[in-house]
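Spelled out from the first residue to the last, the chains are:
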Amino acid sequence: MLEVVPLSSTVETSLGTIDNASSEADERIVDAAVRCLLRLGIQKTSVGDVARAAGVSRGTVYRYYGDRASVVEAGLTRIATDFVRSSEPSVRRRRTLAGQVGEAAVFITRHAGDPRFAIATPGEEEHLLAVLLSTQAQALLDTWVAFWEPFLADAEARGEVRAGLDHRQTGEWIVRSLISFAFLPSVSVDLADDRAVRRYVGRHVVDGLAT
């Protein structure tokens, strides 16, 4: 007996297939943009470079991103998100907010000169965080502050910080403090000493949130 398939089901299945293919192509383009930006830099990355790296036509790139600036921005936003998330495993190993922020500070000091976190700029490579702050500051801050909000909520539930703390504002304070570890030398702490960095963060960056 011939099975009658409702038209709506056929349409939904087709749309689902199209949506999946569209999402996959978009992901390939953004991944390719990231690779090109890290290898070539912002100024030299072209739509053609991204298309070749993604294995698609220039027209496909333009269909998803109307111009070069848009695809570059998508790549930089992904880089910002990935940079923040790359610190998460070490942060989650700690069970207190002081320990978590301390691990984030150690992550930044360890990777400040790491070539894996360098992006090509005219004439030289520049630390990824510096490039992101100059080109994608809002996206980086939004992502990073959002990263810390659940950690702050958990810390409040454990009684480590005072009740009623504004998690978004506090998250921004933590992020601004962490950024300084990448670019400013210290007059009192050996930033190459992980334990010293953790103690410093716990004593001066986090303890004040409890009172």
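Going by the structure above, here's the rest.
Everything in this summary refers to the structure shown in the same document. (Residues numbered from 1 in each chain as written. Predicted model: local features only at pLDDT ≥ 70, side-chain atom pairs only at ≥ 80, totals over all residues. Heavy atoms only, no water.)

## Things to note about the packing of helix α4 (residues 68-86) against helix α8 (residues 137-157)
Helix-helix packing is described using two parameters, namely the angle between the two axes and the distance between the axes. Definition in use: Axis lines are fitted to C-alpha atoms, over the contacting stretch for helices. Their N-to-C directions set the angle, which ranges from 0 to 180 degrees. Under the scheme used here, helices are H or I runs from DSSP no shorter than 4 residues and strands are E runs no shorter than 2 residues, and both carry numbers assigned from the N terminus. The labels follow the angle: roughly parallel below 35 degrees, roughly antiparallel above 145, roughly perpendicular from 65 to 115, and oblique for the rest. Left-handed describes a crossing whose near helix is turned anticlockwise from the far helix through less than a right angle; right-handed describes the clockwise counterpart. In what follows, residue pairs with any heavy atoms lying within 4.5 Å of each other are defined as contacts.
Axis separation between α4 and α8 bottoms out at 9 Å; the angle between their running directions is 30°. In terms of axis orientation, α4 runs roughly parallel to α8. For the crossing formed where α4 meets α8, the hand is right-handed. In this structure, α4 contributes T77, A80, T81, F83 and V84 to the contact, and α8 contributes A139, L140, T143, W144 and F147.

## Focus: the layout of surface pockets
Threshold: Using a grid of 1 Å spacing that covers the protein atoms alone, one calls a set of points a cavity when a 1.4 Å probe fits there but cannot get out, and a pocket when the set is open and has protein on both sides within 12 Å along at least five of seven lines; lining residues are those with an atom within 4 Å of a point. Grid points are joined across faces, edges and corners, and a volume is the space filled by probe spheres set on the points. Note on residue categories: nonpolar means Ala, Val, Leu, Ile, Met, Phe, Trp, Tyr, Cys or Pro, charged means Asp, Glu, Lys or Arg, and polar means any other residue, Gly included.
Considered as a void within the structure, the largest pocket measures approximately 230 Å³ in volume. Lining the largest pocket are 15 residues, and of these S177, S180, F181, P185 and Y200 sit closest to its centre. Of all the secondary structure elements, the ones that give two or more residues to the lining of the largest pocket are α9 (167-183) and α10 (194-206). Among the elements that make up the lining of the largest pocket, the one with the highest residue count is α9 (five residues). Residue composition of the lining of the largest pocket, grouped by class: nine nonpolar, five polar and one charged.

## Examining the environment of V71
By the element assignment, V71 lies in helix α4. Each C-alpha atom of the pair V71 and V47 lies 7.7 Å from the other, and the pair is 24 residues apart in sequence.

## Looking at α10
Here is the rule we go by: Relative accessible area decides the class of each residue, using a 1.4 Å probe on protein chains only: under 20% of the type maximum gives buried, over 50% gives exposed, and in between gives partly exposed. Identification of polar contacts relies on pairs of N or O atoms within 3.5 Å, with a donor-acceptor requirement for protein atoms, meaning one able to donate a hydrogen and the other able to accept it, and with residues adjacent in sequence counted only if both atoms are side-chain atoms.
Of all the positions in α10, only D194, A196, V197, V201, G202, V205 and V206 are classed as buried. Looking at the buried side of α10, the elements it contacts are α6 (97-111) and α9. One side-chain oxygen at the N-terminal end of α10 lies 3.1 Å from the backbone nitrogen of R195; it belongs to D193.

## What to know about the nonpolar core
Quick note on the threshold: Definition of nonpolar core: a set of buried residues of the types Ala, Val, Leu, Ile, Met, Phe, Trp, Tyr and Cys, connected through side-chain atoms within 4.5 Å.
Ranked by size, the top nonpolar core spans 55 residues in total, and within it V71, L97, V101, W144, W148, L178 and V201 carry the most contacts. At the level of secondary structure, the elements contributing two or more residues to this core comprise α1 (7-40), α2 (47-54), α4, α6, α7 (128-135), α8, α9 and α10. No other element matches α8, which puts nine residues into this core. Other than its neighbours up to four places away in sequence, V201 contacts A98, V101, G102, A105, F181 and V206.

## Details of the packing of aromatic side chains
Here is the rule we go by: The aromatic pairing rule takes the rings of Phe, Tyr and Trp, using the six-membered ring of Trp, and pairs them if the centres are within 6.5 Å, calling planes under 30 degrees apart stacked, those over 60 edge-to-face and the rest tilted.
Tallied over the entire structure, the rule returns four aromatic pairs. Between the aromatic rings of F147 and W148, the centroid separation amounts to 5.3 Å while the plane-to-plane angle is 90°, which identifies the pairing as edge-to-face. You can call W148 buried: its relative accessible area is 0%. Summarising the aromatic geometry, the rings of F147 and F151 are spaced 5.2 Å apart at their centres and angled 45° between planes, so their arrangement reads as tilted. Separated by four residues within a single helix, F147 and F151 lie in helix α8, roughly one turn from each other. In this pair, the class of F147 matches that of F151, namely buried.

## Considerations on the pattern of salt bridges
Rules: A carboxyl oxygen of Asp or Glu within 4 Å of a side-chain nitrogen of Lys or Arg is what we treat as a salt bridge.
Within this structure, the stated rule accounts for eleven salt bridges. Its salt-bridge partner being D31, residue R78 comes within 2.6 Å of it at the nearest N-O pair. Of this pair, R78 sits in helix α4 while D31 sits in helix α1, and the two are 47 residues apart along the sequence. The class for D31 is partly exposed, based on a relative accessible area of 30%. Note that E103 and R94 form a salt bridge whose closest N and O atoms lie 2.9 Å from each other. Through salt bridges with shared partners, one network takes in E27, D31 and R78.

Treat this as a map of the structure, not an account of what it does.
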